[in-house]
Amino acid sequence: MANPFHKNLEALLNKVGKQVMNRSKSALQSAKPFSKGGGDLENSVKYEVKKVESGYEVYWTMTKYGKFVDKGVSGYQMKRGFTDYQGNRLSSPGSGFKKNTGPIPIKPLIKWIKRRGLKGRNPDTGRYITDKSLAFAISTSVKRDGIPGISFFQTPLGLAMKSFKSEMQVAIAQDIRDTLKGINFKFD
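The paragraphs below set out a description of the structure included in this document. Note that the structure is a prediction, hence the values are computed from the model and not measured.

Along the chain, Leu13 turns up in helix α1 (residues 7-30). Assessed through its relative accessible area of 9%, Leu13 is described here as buried. C-alpha separation for the pair Leu13 and Val58, spaced 45 residues apart in sequence, amounts to 7.1 Å. Apart from the residues within four sequence positions on either side, Leu13 is in contact with Val49, Tyr56, Val58 and Phe164.

Structure (C-alpha cells):
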C-alpha cells in the first residue's frame, strides 16, 4: 500500500520504472537480431518499486544474458564498448574468453538458430551447412570478436533520468501540500 505522505513520489517512481521498461522493450524490437520481437529477453524485462527503510528503490530485472546484450562482450581479439545511461562510452565487461579455452556452448545457439529459421552456407561450395556447424561458427566468432553492446536498457534509463529530477521536485512538493491540507490546528 502506498504511503499517503509519498503517494505522488511513489506514482512517479512507478511511471519511471514502466517508461524505462517499455522503452527497453521497444529498443529490442527495433534492434537486429531481436527485431522479430516476442523473444525471451524482451518478455523478461520487468520493474518493481520497493519501499525500503531509507525511502524507495526501483529495480529492473531481465534474463541473465540481457546484461551482455545491453553492454556487449569483448572477445579475445576485439574489445567492445557501450554507452551508459549518462552518455559515457565505456568498455564492455570482460568475457573471460581466451584464445586457448574451449568453445562457447552451442546447444543454446542451435535452439536460437532453429527459432530464427537461419540457414548457413559454406562460402566455398555454396551448400547449406548443418545447424550444428553454423552454431559452432557463430560461437567461434563471438569468442574471437565479442558482441557489440546495443544499450537497449542504458539509453532509456538515461532519458528517464534527464526528466526525473524536475518531476521528482514537483511530486515531493505536491506530497507536502497534500500532507499539510490534512493538518488542522486548533487553539483554545
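Turning our attention to α1. Between its first and last C-alpha, α1 extends 35 Å over 24 residues, near the 34 Å set by a 1.5 Å rise per residue. For α1, the full list of buried residues reads Leu9, Glu10, Leu12, Leu13, Val16, Gly17, Val20, Met21, Ser24 and Leu28.

What follows deals with the pairing of strand β1 (residues 46-52). As judged from the 7 bridges shared by β1 and strand β2 (residues 55-61), these two strands associate in the antiparallel manner. Note on β2: the bridge partner recorded for Lys46 is Thr61. From the end of β1 to the start of β2, which pair antiparallel, there are 2 residues.

Let us look at the environment of Thr130. You can see Thr130 is positioned in the loop between α4 (107-116) and α5 (131-145). A relative accessible area of 47% places Thr130 in the partly exposed class. Sequence separation between Thr130 and Gly120 is 10 residues; the distance between their C-alpha atoms is 7.3 Å.

Under the defined criterion, the tally for this structure stands at 1 aromatic pair. Geometrically, the ring pair formed by Trp60 and Phe153 is edge-to-face, given 5.7 Å between the ring centres and 65 degrees between the ring planes. Of this pair, Trp60 sits in strand β2 while Phe153 sits in the loop between α5 and α6 (154-181), and the two are 93 residues apart along the sequence. In this structure Trp60 comes out as partly exposed when scored by relative accessible area, which is 23%. Above the face of the Tyr59 ring, Lys50 is positioned so that its terminal group lies 4.7 Å from the ring centre. In this arrangement the basic side chain of Lys51 is found over the ring face of Tyr56, its NZ or CZ atom lying 5.2 Å from the centre.

Our next topic: the pattern of salt bridges. This model, assessed by the stated rule, comprises 2 salt bridges. Among the ionic pairs, Lys15 bridges to Glu167, the shortest N-O distance being 2.8 Å. Within this pair, whereas Lys15 is found in helix α1, its partner Glu167 is found in helix α6, the two being separated by 152 residues in sequence. Note on Lys15: relative accessible area 45%, which makes it partly exposed. For Asp145, the salt bridge goes to Arg144, with nearest N and O atoms at 3.1 Å. For Asp145, a relative accessible area of 17% gives the class buried. Take Arg144: its relative accessible area is 28%, and that puts it in the partly exposed class.

Criteria and thresholds
Residues numbered from 1 in each chain as written. Predicted model: local features only at pLDDT ≥ 70, side-chain atom pairs only at ≥ 80, totals over all residues. Heavy atoms only, no water. Helix = DSSP H or I, 4+ residues; strand = E, 2+ residues; numbered from the N terminus. Buried < 20%, exposed > 50% of the residue type's maximum accessible area, 1.4 Å probe, protein only. Contact = heavy atoms within 4.5 Å. Expected span 1.5 Å × (residues − 1). Pairing = 2+ DSSP bridges. Phe/Tyr/Trp six-rings, centres within 6.5 Å; stacked < 30°, edge-to-face > 60°. Lys NZ or Arg CZ within 6 Å of the ring centre and 35° of its normal. Salt bridge = Lys/Arg side-chain N within 4 Å of Asp/Glu carboxyl O.

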